[in-house]
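Topology and contacts: notes
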Amino acid sequence: MVSLSTLLHGMAGCLFCAVAALAGLPPAAAQSPSAATLDLSGYHVTFSDDFSTLSLAAQGPGARWTTHTPWHGDFGDATFSDPSPDVFKSTPDGLEIIASKGADGHWRSGLISSAWADNNPKAGFTQEYGYFEMTAQLPDGMGTWPAFWLIGSDKRSFAAEIDVIEYYGGFPRYFHTTEHVWVNGKNQLLRATMPEVPKGQLSSGFNRFGVLITPQTTSFYLNRHEFWSTPTPPEYRQPMYMLADLALGGGWPISGLKSPIVMRIKDIKVWQRDKPWN
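Because the structure is predicted, anything quoted here is derived from the model rather than measured.

Quick look at the overall build of the protein chain
A count of helices and strands for the protein chain gives 3 helices and 20 strands. By residue count, 56% of the 278 residues in the protein chain fall in the buried class. Taking the intrachain contacts of the protein chain between residues at least 6 apart in sequence as the baseline, contacts between residues at least 24 apart amount to 70%. As presented, the protein chain carries roughly 11,300 Å² of accessible surface, and 52% of it is formed by carbon and sulfur atoms.

Below you can see the structure in the form of structure tokens.
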């Protein structure tokens, strides 16, 4: 059984990626002229939420999203809140996740998960293979740490994690994309890239962040232009659920952050191929 600390380490472990970036890890070109454009003909939508109405629950069934991880663990320097209009707000542009600092000096923020339990692919929305996408506007600032990621439903012997985007807002020219397979708290698989974007692109407007998982390849997209593709490990060949969050910290200081901080999510969608996968 994978321990709680394994999953907590899974998010914090991507601090390695940021450190490697600052140490000179060559960045990937997020939108080079030759980048392949995603073709979704031959696919159909299986999940879509534009957050015009909010369907949130603290835990368990009965809502589209739960506001805590299925393993009931927080990470970073802000506490993830139960459903609250102070943290989760529906707007004409979609969902706002609001991080704010209380009078006691403690921060609280928000996370949404499409599943409420591990080791049960029917405990919320999960899907094996297909294209998963979030359209979002991310906050800048040292210490902001928004993310969109997938977790494999089956954690009985390992934890499969795909970080489609982790954005360390103190470094606005880059974001981080990472593949993990955790076994007993250690990375059995760790692959990472650091796409470079024009400064301010991710905070000045909405961008699409996506991953297409097939039996053969796992490919990553910014605004539906491919920037990275890897062989799909066997651990990713299972139903996966989605999480999106506005965390703080991630190894970087938050002392300079001004409350409130807002992450805007226009929509989250998933597609599946019309034909069965081989």
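Notes on the pairing of strand β13 (residues 176–183)
Where burial is concerned, most of β13 is hidden: 7 out of the 8 residues are buried. Two strands pair when backbone bridges link them, and strand β12 (residues 159–166) and β13 are joined in this way by 6 bridges, in the antiparallel orientation. Along β13, the bridge assignment pairs Glu166 with His176. Relative to strand β14 (residues 186–193), β13 runs antiparallel, the two sharing 7 bridges. Its bridge partner being in β14, Glu179 is matched across the sheet by Arg191. Counting the residues that bridge the hairpin from β13 to β14 gives 2 residues, and of these Asn184 lies at a positive phi of roughly 55°.

Things to note about the packing of aromatic side chains
Under the defined criterion, the tally for this structure stands at 17 aromatic pairs. Relative to Trp271, the ring of Tyr131 has its centre 5.5 Å away and its plane inclined at 45°; by these criteria the two rings are tilted. Of the two residues, Tyr131 is situated in strand β10 (residues 130–137) and Trp271 in strand β20 (residues 261–273); the sequence distance between them amounts to 140 residues. Through pairs of rings, three or more aromatic residues link up here, namely Trp71, Phe75, Phe80, Trp145, Trp149 and Tyr168. In this structure, Arg273 packs its charged tip against the face of Trp277, placed 4.3 Å from the ring centre.

Details of the pattern of salt bridges
Going through the model one piece at a time under the given rule, you end up with 8 salt bridges. Between Arg108 and Asp86 there is a salt bridge, and its shortest N-O distance comes to 3.3 Å. Of this pair, Arg108 sits in strand β8 (residues 107–109) while Asp86 sits in the loop between β5 (78–80) and β6 (88–91), placing them 22 residues apart in sequence. In this structure, the salt-bridge partner of Arg156 is Asp154, at a minimum N-O distance of 2.8 Å. The class of Arg156 is exposed, set by a relative accessible area of 58%.

Looking at the environment of Gly143
Along the chain, the position of Gly143 falls in the loop between β10 and β11 (144–152). Separated by 109 residues in sequence, Gly143 and Trp252 place their C-alpha atoms 5.2 Å apart. If sequence neighbours within four positions are ignored, Gly143 has contacts with Ala247, Leu248, Gly249, Trp252, Pro253, Ile254 and Leu257.

Calculation notes
Residues numbered from 1 in each chain as written. Predicted model: local features only at pLDDT ≥ 70, side-chain atom pairs only at ≥ 80, totals over all residues. Heavy atoms only, no water. Helix = DSSP H or I, 4+ residues; strand = E, 2+ residues; numbered from the N terminus. Buried < 20%, exposed > 50% of the residue type's maximum accessible area, 1.4 Å probe, protein only. Contact = heavy atoms within 4.5 Å. Areas by Shrake-Rupley, 256 points an atom, 1.4 Å probe, with all protein chains shown as cover. Pairing = 2+ DSSP bridges. Phe/Tyr/Trp six-rings, centres within 6.5 Å; stacked < 30°, edge-to-face > 60°. Lys NZ or Arg CZ within 6 Å of the ring centre and 35° of its normal. Salt bridge = Lys/Arg side-chain N within 4 Å of Asp/Glu carboxyl O.

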